[in-house]
Amino acid sequence: MTGETTIDVLILGAGINGAGLFRDLCEQGLTCAIVDKGDFGSGTSAAPSRLIHGGIKYLETGEFRLVAQSTLERNLLLRNAPHCVRPLPTVIPIFSWLKGIPAAIRTLFGSTTAPRSRGALLIKAGLAIYDAYGARNRVLPRHRMWGRARALREIPPLTPRIVAAGHYYDATVTHPERLVLEVVLDGLRASPRSIALNHARLDGTDGRLVRVAGPHGDGHVFHPRIVVNAAGPWIDSVNAALGAPTELVGGTKGSHILLDHPDLIRALNGHMIYFEAEDGRICLVLEHLGRALVGSTDRRAGDPDAVRCEDDEVAYFLGSLRDLLPGLGFSEAQIVHAYSGIRPLPNSDAADPGLISRDHSAPLAEPAGAREWPILSLVGGKWTTFRGFAEEVAGTVLARLGHTRRVSTRALAIGGGRDFPAEPGRWIREVAATTGAQEARVAALFDRYGTHARDIAAHEGPGPVPLPDAQHYSEQEIDWSTKHERVVHLDDLVLRRTDLAITGRLTRRGLERIAEIAAATLGWDDHRRAQEVDMTRRLLEERHRMRLI
Ligand SMILES: Cc1cc2nc3c(=O)[nH]c(=O)nc-3n(C[C@H](O)[C@H](O)[C@H](O)COP(=O)(O)OP(=O)(O)OC[C@H]3O[C@@H](n4cnc5c(N)ncnc54)[C@H](O)[C@@H]3O)c2cc1C
C-alpha cells in the first residue's frame, strides 16, 4: 500500500468519457488519477457501431443541439485523429416517396410511439438540414440523392424494392479501443504527475480517502478534491459504492456481428448502408478492417458485466440483411466475431428504447455526511461527442477548484494523429530510410498507428517476424505494445491493442505465441501464461462467438 496521494480529481472509469475528461484536466495543469476496473476502453467504448457521426437520426427526435455538437465534433476528430477517424460515404435506401411525414412530426413534438418509415422527401429534408449543421469546420462533401437506377448500379445486390437512395458522408473510427488508450496516454504526457491505472478495483472509501487495489497487488490511497464517476452503465453501482446511491442510468443493450463475406465487402465498395429494418429501427452495415460490420440492436439492458450477442439478435441481423440484399447469401457460419455493449442512457420511461435521448449530462452530488468531496456523474453521451462533453465538465471542475482553462482541446491532435504529415508518402519513405524497415511495412504501420508507426518500425527494424496465422502483425509489434501500452492481461492485447480478435484472424497458435511474447516482458511463469491463454480463449468463445482453430 502506497501512502496517501493528494490529487485534484479522481476519475472512476476509463471509457472514452473518463479518458476525455482526464486528458482535458491534465492539459489544464491539474493532477488527476483515472482508474478502471477493467482495461482502458473495455466497457461500452469498445462496443460502438464505430461511427463518428453527426447523428442524423437525432433530427427525428428534435435533438438539434446534439446534432449541432456531434457534427462539429465529427469534423474536429477527422482533423485531430486522422490516423483512425476517416470519412465514410453512406447510402440510405429509400422505399417510398412520401411516407413518414406525419409520424416524423409527431415524434418531433415528443411522441414516443409514432410508427416510423421514412420516405424520400423526409430523407432529402433531413440530409439538407444535416449538411447545414455540418458546415462548421466542414471537411466532408454535401449529400446527393440517387435515383433507383443509380443506386442499383452503385450497389447491385440492393433490393429492387427501393425507389431512390440518399448519399452523404459521416465518419468511422478504425480502432476505438486504441483511441481511448491514446487519449489517456496523452493526458499522462501533459501531466506526468497524474496517474492512470487499468485493472484496478475501487476498494472502499471513508468519505475522505479512496482506496484502490492495483493490478499487481499494489494498493493506492487517493485524497481527491473532486470525484468524477465516469463508469458508464456501471454509474449507479459506483455511486452506491461511494455511499451516494443514484438511479441515473437505464441503459439499453446493443450488439454487432462481423462477417467474413468478400462478396458483401465488394458490393459495399467502401460505403456504409444505413437502412431501416422491418421494425423501423435503423441498422447499418459497413466494411470494418476487411470484414462486414452489422449492427445494432436496442434492447432493455441486463448486467453490463455479462453482456453478449444472443441468438435472436443474430437472427434479426441476418434476416434484415437478407431483406436488404437479396442477391447475397447470409448465414451464421460467416460470423467471425460479435460484441455487445450497454448504452449508458439516462433513465427514461420511453416505450421505444430507440427514442431515449442520446444527449449527455453531468449531475453533481454535493458533499454530504462524512463525504468531503462532490461527485460528478457523466451520464449518456456519444463516442463522437467525448471532447465536447469533457470540455463542459472540465469547465465545472475548473470553476470549482478555482482554476482557469489554459489549453483548448479543440485543435489538439490525439496520439498517432500528432505531427500528422500532409504528404504521407514522403513521411513513409523517410521513416523507412531511417529505420531500415521496408516502405510497404511502414505504410501498413502508418495506416494502423499514424505517426507512432515511427517507433514501432524502429523496434521492428528490417526483419519483422510475422505472427503465426496473422501475418499482418509482427512479433516485435506485439512486444512493443506490451512494453509501452499498459498491457496487463492477454485479452488487452488481442481485443484492444490489436484488431486480431475483432477481425477473427486470431488462431490458437497465434494466441499461444502472443502469450509467450507477453510472458517474456511481463514476467509471467508457465502457469500464469497458460491461465491467461485459457481465460482469453473462454472470453472470446463465450462473449464474442469466436471459435479458435
Ligand atoms: C451498441 C452501441 C452502439 C454505439 N454506437 C455508437 C457510435 O457508432 N458512435 C458514437 O458516437 N457512439 C456510439 N455509442 C455510444 C458510445 O459507445 C457510448 O456512449 C460511450 O462509449 C460511453 O462511454 P463511457 O466512457 O461513458 O462508458 P464506458 O465505455 O462503459 O466506460 C465506463 C468504464 O467504467 C469502468 N468501471 C465500471 N465500474 C467501475 C469501478 N467500480 N471502478 C472503476 N471503473 C469502473 C468500466 O470498466 C468501463 O471501462 C454506441 C453505444 C452502443 C452500446
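It should be noted that the structure appears before, not after, this text.
These lines cover the structure that appears in this document, whether it is placed above or below. Every residue gets a number counted from 1 within its own chain, in the order that chain's sequence is written. With pLDDT at 70 or above as the cut-off, local features in this predicted model cover only qualifying residues; side-chain atom pairs require 80 or more to be listed or tallied, and sums for whole chains, interfaces and linings still use all residues. Side-chain metrics rest on all non-hydrogen atoms present in the structure, leaving aside hydrogens and water.

## Remarks on the packing of aromatic side chains
Keep this limit in mind: Here a Phe, Tyr or Trp ring, Trp counted by its six-membered ring, pairs with any other such ring whose centre lies within 6.5 Å, and the pair is stacked when the planes are under 30 degrees apart, edge-to-face when over 60, and tilted otherwise. In this scheme, a residue with accessible area under 20% of its type's maximum is buried, one over 50% is exposed, and one in between is partly exposed, where area comes from a 1.4 Å probe on protein chains only.
In total, this model carries six aromatic pairs according to the counting rule given. Judged by centre distance (6.1 Å) and plane angle (55°), the rings of Tyr316 and Phe317 are tilted. The class of Tyr316 is buried, set by a relative accessible area of 18%. The class of Phe317 is buried, set by a relative accessible area of 1%. Ring centres of Phe420 and Phe446 lie 5.1 Å apart, and the angle between their planes is 25°; this geometry places the pair in the stacked category.

## A short note on the sheet that holds strand β10 (residues 210–213)
Strands belonging to one sheet form pairs held by backbone hydrogen bonds; the direction of such a pair is parallel or antiparallel. Operational definition: In short, DSSP must find at least two bridges between two strands for them to pair. Going along the chain from the N terminus, every DSSP run of H or I of four or more residues is numbered as a helix, and every run of E of two or more is numbered as a strand. Between the N-to-C directions of two axes lies an angle of 0 to 180 degrees, each axis being a line fitted to C-alpha atoms and, for a helix, fitted only over the stretch in contact.
Taken together, four strands build an open sheet; the order of strands is β1-β11-β10-β9 and the sheet is mixed. Looking along the sheet, the strands with just one partner apiece sit at the ends: β1 (4–6) and β9 (201–205). Mean inter-strand twist for the sheet, computed between neighbouring axes without regard to direction, equals 30°. Pairing between β1 and strand β11 (residues 219–223): three bridges, direction parallel. In the sheet register, Thr5 faces β11, and the bridge partner there is Phe222.

## As for the site of the ligand
Cut-off, in case you're wondering: If a single non-hydrogen atom of a residue is within 4 Å of a molecule or strand, that residue counts as near it. N or O atoms within 3.5 Å of each other form a polar contact, as long as, within protein, one can give a hydrogen and the other can take it, and as long as residues adjacent in sequence are counted only when both atoms are side-chain atoms. For every accessible area listed, the method is Shrake-Rupley and the probe measures 1.4 Å; residues are considered covered only by the protein chains on display.
Of all residues adjacent to the ligand, which total 33 residues, the nearest are Asp36, Ser45, Leu51, Gly381 and Thr384. Asn17 has a polar side-chain atom sitting 2.9 Å from an oxygen atom of the ligand. For the ligand, a nitrogen atom lies 3.5 Å from a polar atom in the side chain of Lys382. Burial of the ligand by the surrounding chains reaches 96%, relative to a free accessible area of 1,000 Å².

## As for the packing of helix α2 (residues 64–80) against helix α10 (residues 386–401)
The criterion, for reference: Any angle that falls under 35 degrees is termed roughly parallel, while one over 145 is termed roughly antiparallel, one within 65 to 115 roughly perpendicular, and all others oblique. The criterion used for residue contact is that any of the two residues' heavy atoms lie within 4.5 Å. Ten residue types, Ala, Val, Leu, Ile, Met, Phe, Trp, Tyr, Cys and Pro, are classed as nonpolar, four, Asp, Glu, Lys and Arg, as charged, and the remainder, Gly among them, as polar.
Their axes nearest at 8 Å, the elements α2 and α10 cross at an angle of 110°. Between α2 and α10, the angle is such that the two are roughly perpendicular. Contact residues: α2 offers Arg65, Gln69, Glu73, Leu76 and Leu77, while α10 offers Phe386, Arg387, Gly388, Phe389 and Glu392. Within the contact of α2 with α10, the residues separate by chemical class into four nonpolar, two polar and four charged.

## Comments concerning the pattern of salt bridges
To be explicit about the condition: For this document, the term salt bridge refers to a Lys or Arg side-chain nitrogen within 4 Å of an Asp or Glu carboxyl oxygen.
Applying the stated rule across the entire model yields 42 salt bridges. Between Arg201 and Asp203 there is a salt bridge, with the nearest N and O atoms lying 3.5 Å from each other. Overall, the relative accessible area of 37% leaves Asp203 in the partly exposed class. Of the charged contacts in the structure, one is a salt bridge between Glu477 and Arg441, with a shortest N-O distance of 2.7 Å. One end of the pair, Glu477, is in helix α14 (residues 475–484); the other, Arg441, is in helix α12 (residues 439–449), with 36 residues separating them in the sequence. No difference in accessibility class separates Glu477 from Arg441, as the two residues are buried. Where salt bridges share partners, they join Asp39, Asp491, Asp492, Arg496 and Arg497 into one cluster.

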